[in-house]
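A closer look at the structure
What follows is the residue order along each chain.
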Amino acid sequence: MYVQIDLDGPAGTLRVSGHGMPTVELVRALGDAPEPLIPIGTRRASRLTLTVDGAPARIRPGRGRLLRRSYRVDATVAGTRYRLVPCSYAESRLLRDGRPLGALESSGDGTVDAEWAPGTGPEPLDRAVGTALAAAFGTGAAPWWDTATNIVAELIP
């Protein structure tokens, strides 16, 4: 299934679409200067609007701090809960209502590679939402101990 990803980080817009898929749009509020390490430009839920085929959906990105789990992104679309959470340095796992669907990888350049778990049969909505979350926030994160080691190393002269 072909997925079209249109990401404009500086403008704060993302559109994911494809044949037989719902259109997912994520927009950053006007007037915000984009944070350079976040493809969509912010992790503040109050500054983001998510729609799926024009219907509002809820998005709650984690703060993205020391713990890998803090880089998670939660979205609720028509009563279905999605979570994208880092599982390695480069990949994040996509869950639907707590069940794993697959692993996605995106370096924040507007491309997303997905490896769907056998037997999960992701629906078009799953593919569209997962792709949008990965493209908007990137995937993967370092484990806390690696981050903490780097912080300590920076403090030692």
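Everything below is about the structure printed above this text.
Structural notes, computed from the coordinates. Fair warning: this is a prediction, and the values are worked out from it, not measured in the lab. (Residues numbered from 1 in each chain as written. Predicted model: local features only at pLDDT ≥ 70, side-chain atom pairs only at ≥ 80, totals over all residues. Heavy atoms only, no water.)

1. What about the layout of surface pockets?
Estimated volume of the largest pocket: approximately 460 Å³. Along the wall of the largest pocket there are 24 residues; nearest its centre are Leu 37, Ile 38, Arg 43, Gly 64 and Tyr 71. Classifying every residue of the lining of the largest pocket gives ten nonpolar, nine polar and five charged. Empty space within the second largest pocket amounts to approximately 180 Å³. As for the second largest pocket, its lining consists of 13 residues, of which Asp 74, Ala 75, Arg 81, Tyr 82 and Arg 83 are closest to the centre. Elements with a contribution of two residues or more to the lining of the second largest pocket: strand S5 (55–61), strand S6 (73–77), strand S7 (80–86) and strand S8 (91–96). Looking at the lining of the second largest pocket residue by residue, the class counts come to four nonpolar, two polar and seven charged. (1 Å grid on protein atoms, 1.4 Å probe; cavity = no way out; pocket = protein on both sides within 12 Å on 5 of 7 lines; lining within 4 Å. Points joined across faces, edges and corners; volume = space filled by probe spheres on them. Nonpolar A, V, L, I, M, F, W, Y, C, P; charged D, E, K, R; others polar. Helix = DSSP H or I, 4+ residues; strand = E, 2+ residues; numbered from the N terminus.)

2. Remarks on helix H1 (residues 124–137)
Helical periodicity: at 3.6 residues per turn, an α-helix aligns residues three or four positions apart in one direction. An ideal rise of 1.5 Å per residue puts 20 Å on 14 residues; H1 measures up with 20 Å between its terminal C-alpha atoms. Counting buried positions along H1 yields eleven of 14 residues, so the element is predominantly enclosed. Just downstream of H1 lies Gly 138, where phi reads positive at about 75°. (Expected span 1.5 Å × (residues − 1). Buried < 20%, exposed > 50% of the residue type's maximum accessible area, 1.4 Å probe, protein only.)

3. A look at unusual backbone geometry
Although it is not a glycine, Asp 53 sits at a positive phi angle of roughly 50°. Take Asp 53: it is sitting in the loop between strand S4 (48–52) and S5. With phi around 50°, Ala 78 is a residue other than glycine that occupies positive phi space. In this structure, Ala 78 sits in the loop between S6 and S7. For Ala 78, a relative accessible area of 79% translates into the label exposed.

4. Thoughts on the nonpolar core
Judged by nonpolar contacts, the single largest core of 31 residues is most densely connected at Leu 14, Leu 26 and Phe 137. Of all the elements in the fold, those that place two or more residues in this core are strand S2 (13–17), strand S3 (24–28), S4, S5, S6, S7, strand S9 (99–105) and H1. With eight residues, the single largest contributor to this core is H1. Excluding its chain neighbours within four sequence positions, the residues that come into contact with Leu 14 are Ile 5, Asp 6, Leu 7, Val 24, Glu 25, Leu 26, Ile 40, Ala 132, Ala 135 and Ala 136. (Core = buried A, V, L, I, M, F, W, Y, C linked by side-chain atoms within 4.5 Å. Contact = heavy atoms within 4.5 Å.)

5. Some points on the environment of Gly 9
Tracing the backbone through its elements, the reader meets Gly 9 in the loop between strand S1 (4–8) and S2. Here the alpha-carbon distance between Gly 9 and Tyr 82, two residues 73 residues apart in the chain, equals 22 Å.

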